[in-house]
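Okay, here's what each chain looks like letter by letter:
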Amino acid sequence: MTPSALPALPGAPWLARVDGELRLEGHALAALGRRFGTPLFVYSRQAMRAAFDAYEQALRGRPHLVCYAMKANSNLAVLQTFARAGAGFDIVSGGELARVLAAGGDAGRVVFSGVGKSRDEMAQALQAGVRCFNVESEAELDTLNAVALGCGRVAPVSLRVNPDVDAGTHPYISTGLKGNKFGIAHGQALAAYRHAASLPGLRVVGIDCHIGSQITQLAPYLDALDRLLDLVEAVEAAGIAIGHVDVGGGLGITYTDEQPPAAGELVARVLQRLDARGHGGRELLFEPGRSLVGNAGVLLTEVRVLKPGETKNFCIVDAAMNDLVRPAMYEAWMAIEPCQLRAGESSVWDVVGPVCESGDWLGRDRSLAVQPGDLLAVLSAGAYGMAMASNYNTRPRAAEVMVDGDRVHLVREREGYSELFARERLLES
Ligand SMILES: *Cc1c(COP(=O)(O)O)cnc(C)c1O
């Protein structure tokens, strides 16, 4: 039982190779794949809890709320895990609010983000009593005011400010630049706060930003925080109390050789900057998604066919872009490991799915010793994996399992074929 001397796998220490066998919280992944079938997502509950605790520990003694950005992985058992740990939630739709409530979460700890909330979603969130709306435009202020007055409530609002800082990440997941659709321009924020304060259906409770995802540096956070605090000072000087400061989410994880700051380090630096600027007592919110769940999950898949070729060798597996779209959509690199090491020569393979698209790949140019029937694990698949899965090619979505110490829970059954077209109708003639 000697753990391998190779560099730690992303997801360590919960994910480890022992005697050639890949294990998550001590559970052999190959055995889980055989038992529940593939493709299969497997999550470590302890890894999720530890990731959350890293934020909590660093924030101890400070007024704060860590809101899990649940779009990263919205399985009910995942939400339940964070709700029990004391998390709030960052939601972006009415559907996500329904999930929080179904998982036993508290609406009073929910912040509602998103550039295009519908009136129905606003009313639903007001009825549920969310902690605040992260408002993304001046037009949304007016709509929310009208909806709130219509239901006889006052909507708590924070303005999502676009600080115009470059998070240094993939263009699809950079959100804090002038050219992005998100947030209210820094230069218009003071006027927007004045407008919000003048509307009877709204109550200003905070300020927020979210500058991007998979961020691996501290500087963009501190720049954004400075920009927010400049505004807090200007808005409060105009007689409008701000309340909390929400610095968003976006902290990166290790997929390959990235070395993002640890959550504790990010929090410590943010607190240091708050203190230095005389805002130490102010309530601080974070909205982490990926950094709470990404390294806590893997996607298991079985090798179906090996197809060596003249210029490329293809390793065709039973998981595809519909199960895990990150490689196809963001050209994301995700580690792929055999669940059980086998003796023999490695070859270089493109690991691809069975979907009818050349963009359907999980990893390119991977050196692997594999045979048909072997199980592979795509690592760091706990975030933006199942949450972005689709039924493209009429493929049932994968099952999900959560391990927790010596327990194994099936937290989502595999879909069946009939469910895939249950809502469709044949023509009558
Ligand atoms: C997606 C999102 C997050 C979380 O981003 P991660 O990169 O997963 O941490 C936080 N806040 C808002 C508003 C988001 O849209």
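Residues numbered from 1 in each chain as written. Predicted model: local features only at pLDDT ≥ 70, side-chain atom pairs only at ≥ 80, totals over all residues. Heavy atoms only, no water.

Trainee: Is there a simple way to think about helix H3 (residues 76–85) in this case?
Mentor: Count 3.6 residues to each turn of an α-helix, and residues three or four apart come out pointing the same way. Ala 77, Val 78, Leu 79, Thr 81 and Phe 82 are the residues of H3 that are buried. Here H3 starts with a cap whose side-chain oxygen sits 2.7 Å from the backbone nitrogen of Ala 77, and that cap is Asn 75. Gly 86 lies just past H3 and shows a positive phi near 100 degrees. (Buried < 20%, exposed > 50% of the residue type's maximum accessible area, 1.4 Å probe, protein only. Helix = DSSP H or I, 4+ residues; strand = E, 2+ residues; numbered from the N terminus. Polar contact = N/O pair within 3.5 Å; in protein donor to acceptor, adjacent residues only side chain to side chain.)

Trainee: Looking at this model, I keep getting lost on the side chain of Glu 121. Mind explaining?
Mentor: Position of Glu 121 relative to the elements: it lies in helix H5 (residues 119–128). For Glu 121, which is buried and forms no salt bridge, the nearest opposite charge comes from Lys 117, at a distance of 8.0 Å. Look past the residues within four positions of Glu 121 in its chain and what remains in contact with it is Ser 93, Gly 94, Phe 112 and Gly 116. (Lys, Arg positive; Asp, Glu negative; His and termini not counted. Salt bridge = Lys/Arg side-chain N within 4 Å of Asp/Glu carboxyl O. Contact = heavy atoms within 4.5 Å.)

Trainee: It is not clear to me how the environment of Glu 413 should be interpreted in this structure. Could you clarify?
Mentor: Mapped onto the secondary structure, Glu 413 falls in the loop between strand E21 (407–412) and helix H12 (417–420). Residue class for Glu 413 comes out exposed when judged on its relative accessible area of 61%. Separated by 122 residues in the primary sequence, Glu 413 and Ser 291 have C-alpha atoms spaced 25 Å apart. Contacts of Glu 413, omitting those with residues within four sequence positions, involve Ala 398 and Ala 399.

Trainee: Even after reading the chapter, I still don't get the pattern of salt bridges, so can you show me in this structure?
Mentor: Opposite charge on two side chains lets them pair, provided their charged atoms get close. Across all of its chains, the model carries 20 salt bridges by this definition. With its nearest N and O atoms 2.8 Å apart, the salt bridge here joins Arg 62 to Asp 275. Note that Arg 62 is positioned in the loop between helix H2 (45–59) and strand E5 (64–69) and Asp 275 in helix H9 (residues 263–276), a separation of 213 residues in sequence. Classification of Arg 62 as partly exposed rests on a relative accessible area of 23%. With a shortest N-O distance of 3.3 Å, Glu 233 and Arg 277 are connected by a salt bridge. With Glu 233 in helix H8 (residues 219–237) and Arg 277 in the loop between H9 and strand E13 (284–286), the pair connects residues that are 44 residues apart, well separated along the chain. Among the residues examined, Glu 233 registers a relative accessible area of 36% and is labelled partly exposed.

Trainee: Would you mind going over the domain arrangement of the protein with me for this structure?
Mentor: It is common to report an interface's size as the accessible area lost on association of the parts. Examined at the domain level, the protein breaks down into domain 1 (15–44 + 295–420) and domain 2 (113–288). If you average the C-alpha positions of domain 1 and of domain 2, the two centres end up 36 Å apart. Facing the eight residues of domain 1 at the interface are seven residues of domain 2. Roughly 740 Å² of surface becomes buried between domain 1 and domain 2 when both sides are summed, with 58% attributable to carbon and sulfur atoms. The largest contributions to the domain 1 side of the interface with domain 2 come from Asn 295, Tyr 330 and Trp 333, which together make up 55% of the buried area. Linking domain 1 to domain 2 there are zero salt bridges. Our count for the domain 1 to domain 2 interface comes out at two residue pairs in polar contact (both at pLDDT 80 or more). Looking at side-chain class alone, the side of domain 1 that touches domain 2 contains five nonpolar, two polar and one charged residues. (Domains from an automatic or database assignment. Buried area = accessible area lost by both parts, 1.4 Å probe. Nonpolar A, V, L, I, M, F, W, Y, C, P; charged D, E, K, R; others polar.)

Trainee: Explain the pairing of strand E2 (residues 21–24) to me, please; I cannot follow it from the model alone.
Mentor: The side chains of a regular strand alternate between both faces of the sheet. Relative to E2, strand E1 (residues 15–18) runs antiparallel, the two being bridged by four bridges. In the strand pairing of E2, Ala 16 is matched with Arg 23. Connecting the antiparallel pair E1 and E2 is a turn made up of two residues, with Asp 19 showing a positive phi of about 50 degrees. The pairing of E2 with strand E3 (residues 27–28) spans two bridges and is antiparallel. The residue of E3 that forms the bridge with Arg 23 is Ala 28. The loop that links E2 with its antiparallel partner E3 comprises two residues; one of these, Glu 25, has a positive phi angle of about 50 degrees. (Pairing = 2+ DSSP bridges.)

Trainee: Is there a simple way to explain the site of the ligand in this structure?
Mentor: Around the ligand lies a shell of 14 residues, among which Lys 71, Ser 213, Gly 250, Glu 287 and Tyr 384 are the nearest. Between the ligand and the protein, one listed contact pairs an oxygen atom with a backbone N or O atom of Gly 250 at 2.8 Å. Taking Glu 287, its side chain carries an N or O atom lying 2.6 Å from a nitrogen atom of the ligand. Relative to its unbound accessible area of 390 Å², the ligand is 94% covered by the protein chains. Here the residues of the shell around the ligand are counted per class, giving three nonpolar, six polar and five charged. (Near = heavy atom within 4 Å. Areas by Shrake-Rupley, 256 points an atom, 1.4 Å probe, with all protein chains shown as cover.)

Trainee: Mind showing me how you'd approach the packing of aromatic side chains here?
Mentor: Applying the stated criterion across every chain, the model contains six aromatic pairs. One Lys or Arg, Arg 364, reaches over the ring of Trp 361 and ends 4.0 Å from the middle of that ring. Between the NZ or CZ atom of Arg 366 and the centre of the ring of Trp 333, over which it lies, the distance is 4.0 Å. (Phe/Tyr/Trp six-rings, centres within 6.5 Å; stacked < 30°, edge-to-face > 60°. Lys NZ or Arg CZ within 6 Å of the ring centre and 35° of its normal.)

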